[in-house]
Amino acid sequence: MTTATYHKRSFFLQLHQIESLMPKGLFYYLFALSFILPIFSNAQTEGMEILTYGERKEYEIGGITINGAVNRDRNAIKSIAGFREGDKITIPGVEIPRAIKALMKLKLFENVLILQDSVVNEKIVFLTINIIDKPILSRYFFSGIKKSQQDDLNDIVKNIISKEGIVTDDQKELAKLKVVEFYVEKGKLDAQVDVIETKDSARPNTIILEFAVKPNDRIKIEDIVFEGNNKVSDRKLRKKLKKTKRKGTLLKKTKFVEDDYEEDKKNLISFYNNQGFKNARIMSDSMYREKDGDLIIKLKIEEGNQFHFRNITWKGNSLYTAEQLNNVLGIGKGDVYNPELLENRLKFSQDGRDISSYYLDDGYLGFNVDPVEIAIENDSVDLEMRIFEGPQFTIENVIIKGNDRTNEDIVRRELRTRPGQKFSRSDIIRSQREIINLGYFNPEALDIQTPVNQSRGTVDIQYSVEERPSDQLELSAGYGGFSGLIGTLGVTFNNFSIANFKDRSTWSPLPQGDGQKLSVRVQSNSRFFKSYNFSFTEPWLGGKKPNSFTIGAVSSIFDNSSLGYGKLNITRFFAGIGTQLKWPDDFFSSSTTLNIETIGLERYFNSSFFVGNSSISDGNFKNFSIKHTLSRSSINDPLFPRSGSRISLSVQATLPYSLFRKTPVYNPTPADIEKIVQDLIEENGPAVPPTDSEIATKVEGVKNAKRYEWLEYHKWLFTSEWYFNIVDKLVFTANAKFGILGYYDKVLKAPPVERFEIGGDGLSNQNSSQLTGRSILALRGYETTDLPNNVEGGTIFNKFTLELRYPVSLNPNSTIYLTTFLQGGNSWTRFRDYNPFDVKRSAGMGLRVFLPMFGLLGFDYGFGFDKNLDPGSTWKDYGKFSVIIGFEPE
């Protein structure tokens, strides 16, 4: 019997099962087709043995041969088919159709055919399974789009279709749908995608898929039309559609995105509800396209009546009276019905004015309040506040997890929650803030859990933190004016530990874990300028109370004597102690710093030490002062504050040395004048005798040097910063600074150092302040030379800044935000000239990038409106680009 005969036999063997699996009409059609097919068959089929439909016989499977499925596991195919050598099988029977169905269900094969190969002794049957594999995907590509979009589409398709895998029709349709959705989300509602399948001629049984994409133009919203809104204007309703905007809306995208549209419809109803229209609803919304393809959206609204609160009663309250609760709630009879305000006042309010705070801050962790509308009459709503106070809970354990590098004591001492205390939600919120402000942990990953033990009436508080890099490396270069290019190398270890010095496991690269701060910084241009800075801070001196201790030293040398401009040497040592206050609240802190500074000038003709119209080029000055600072900080995040404020007032003062002298004016003796003349002869050369004017200027300089040998002053600085989260992550910040340099003696007046300069940027300012002994405050858009009072240095200044900030990334490894600003500032040499409104104004935008290892990197472009430029200047001369490295300028 030929193979063809067995093929036909297997066909008839399965007819009875196929009949049971399909509709009768289709079965008879295929059955008739089976009689037509033999006409086109090989002549060897003539005279083959045909088994009748009802003839059934049981066999034992003697062997199974599999043809095709080259890359498939043979044993797996047999197992899925349900066949095994030695098993019993009935032919015709249910086993063969069941096996075909199971294999086809895998969707791996184009066709499966099971043949009776041979029969031995009419008891043992040998079967052949012929399998035709579905083609596998060789590759896919996109056409009709820009290369920049292909990566985005590839990320979509690769999650649906795998290379070197089988591609089903369902997968192709799903991939096509997802690609269309990608463009629809971008407002391209008419996007089209075709999936074209071709055989890969380079490899057998493989295919190539082409995604032919036609993105087409974005569909913009031409207009949004409202009907039925009698109480609220169209303009106000359009504002409440935050993400669905019509053409012409300033700084807003006008594309149509369905998900955003659905969300905005919910926002619209929420707005109505909060205005008292508790039954407001959108009756219908429709869209149609104009001839140019733009979209018109029409919303039909039923506003209903505006409702008001009437009677509010309390039920279940035993700790507080109804009067006390009503005072906290702050909602009176006749107020507009506002469910959002009600929810905030009951559950959680940003200002802490809510009913829950009363209970949760007193240990009632299980507290709940449920407002129930018990009566609605005309436009009035009666509410019953059903309270469940529950038992009072005590903190049993405070657990800290995830602090791999930072010692647990460092975290624990910042917490306001301690075992044995009553549970308090406000203490947890404050503890969360203090942990974030340490700067050692990722604020986005901070997690707080409060598992409760009902039987014991206790609660555990578990803080889970995630360490992040906190050390900083500063590598920068900046132009310091006459000093040229200045390079900076600095390292700051913000989580340093002296105690772990011997424990090598804590080194990374120095011992860490105790929250101490070590900073070392070197600046130089190799020829003229060198500066060395060192500081160390222990935030908890003694380890029991938040008393900080800081010591440090700064040495700056500017030696340009080889060019005839002399030498400047500034050396400063400082030590300070600070403490956290409990009154008026524990957001306040106080610090006191002792500064010992010496300033040496040696023929320093490039001096900025002015007294009146004359400068001091020689002399030694002693600047011994004490600085006391009182500050309050309630910001929620040191890197990107979204709420809170930071206010500080500092006074730095020396002793009033003039009170101990008979006269503050120094009169040089004839011997002093003779020495001055000899010095001038050495400077000018014997061939050029000094003039009377030169001698008088030099004498005046010597007088001033002696007069200010012991610097005396009192210096006041006030800074105020406020942060407001407007919407989403958009933050508004307002900043004001004010300073005054006072004096004890009316003859001496203010000293030539410690004065104020306005202008420049953070990088050059720091270098300049070390060379001039001045406080230089950045003013974006201006150089220090743009403000005339900077020549002598101001004794009073003010500066105001308004900013809008929006974060691009709050990732702890790279915090990035954009900023746009308005700024104004100025300085004055005399108090009687002070005018707080006479400021140099600027506006611009910038970018801030905070990298844990390198600190702050910033770029600003400011446009100075009040520059005194030459008549031929262009508008470009009003702008200034600034680079900020390492720290935010003052």
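Details of the structure are given in the entry above.
Bear in mind the structure is a predicted one, so any value in this text is a computation, not a measurement. (Residues numbered from 1 in each chain as written. Predicted model: local features only at pLDDT ≥ 70, side-chain atom pairs only at ≥ 80, totals over all residues. Heavy atoms only, no water.)

(A) Local environment of the packing of helix α6 (residues 147–157) against helix α7 (residues 169–184). Running from N to C, α6 and α7 point in directions that differ by 135°, and their axes come no closer than 9 Å. Classified by the interaxial angle, the pair formed by α6 and α7 is oblique. Judged by the twist between their axes, the crossing of α6 over α7 is right-handed. Contact residues: Gln149, Asp152, Leu153, Ile156 and Val157 in α6; Lys178, Val179, Phe182 and Tyr183 in α7. Its residues placed into classes, the contact of α6 with α7 shows six nonpolar, one polar and two charged. (Axes fitted to C-alpha atoms, helices over the stretch in contact; angles between N-to-C directions. Helix = DSSP H or I, 4+ residues; strand = E, 2+ residues; numbered from the N terminus. Parallel < 35°, antiparallel > 145°, perpendicular 65-115°, else oblique. Left-handed = near helix turned anticlockwise from the far one by under 90°. Contact = heavy atoms within 4.5 Å. Nonpolar A, V, L, I, M, F, W, Y, C, P; charged D, E, K, R; others polar.)

(B) A look at the sheet that holds strand β13 (residues 380–388). Strand order in the open sheet formed by three strands is β11-β13-β12, with mixed pairing between adjacent strands. The open sheet has two edge strands, β11 (308–315) and β12 (368–377), and neither has a second partner. Strand-to-strand twist of the sheet, defined as the mean angle between neighbouring strand axes without regard to direction, takes the value 25°. Alignment of β11 against β13, held across six bridges, turns out to be parallel. Each bridged residue has a counterpart across the sheet, and for Phe309 the counterpart in β13 is Val381. Sheet strands touched by helix α10 (residues 322–329): β11 and β13. Its angle to β11, the strand with the most contacts, is close to 135°. (Pairing = 2+ DSSP bridges.)

(C) Spotlight on the nonpolar core. In terms of nonpolar packing, the biggest core is built from 27 residues, with Leu568, Ile599, Leu601, Phe609 and Phe621 touching the most fellow members. Among the elements of the structure, β23 (567–580), β24 (588–602) and β31 (756–758) are those that each provide at least two residues to this core. (Core = buried A, V, L, I, M, F, W, Y, C linked by side-chain atoms within 4.5 Å. Buried < 20%, exposed > 50% of the residue type's maximum accessible area, 1.4 Å probe, protein only.)

(D) Here's a closer look at empty space enclosed by the protein. Within this structure, the stated rule accounts for three cavities of 30 Å³ or more. As a volume, the largest cavity reaches approximately 70 Å³. Forming the boundary of the largest cavity are 10 residues, of which Pro443, Glu444, Asp637, Leu810 and Thr815 lie nearest the centre. When grouped by side-chain class, the residues that make up the lining of the largest cavity number five nonpolar, one polar and four charged. (1 Å grid on protein atoms, 1.4 Å probe; cavity = no way out; pocket = protein on both sides within 12 Å on 5 of 7 lines; lining within 4 Å. Points joined across faces, edges and corners; volume = space filled by probe spheres on them.)

(E) Representation of the pairing of strand β9 (residues 281–289). In the sheet, β9 pairs with strand β10 (residues 295–302) via eight bridges, with the strands oriented antiparallel. Within β10, the residue paired with Ser286 across the bridge is Lys298. Where β9 folds back on β10, the antiparallel hairpin that results is connected by five residues, among which Gly293 adopts a positive phi of roughly 95°.

(F) A look at the environment of Lys867. Mapping Lys867 onto the fold places it in the loop between β36 (855–864) and β37 (879–885). In terms of polar contacts, Lys867 uses its side chain to reach the backbone carbonyl oxygen of Tyr878, at 3.5 Å. (Polar contact = N/O pair within 3.5 Å; in protein donor to acceptor, adjacent residues only side chain to side chain.)

(G) The pairing of strand β33 (residues 796–811), seen in detail. Here strand β30 (residues 730–742) pairs with β33 via 10 bridges, running antiparallel. Directly across from Ala734, in β33, lies its bridge partner Leu802. Pairing analysis gives 15 bridges linking β33 to strand β34 (residues 814–828), with the strands arranged antiparallel. If you follow Leu804 over to β34, its bridge partner there is Thr820.

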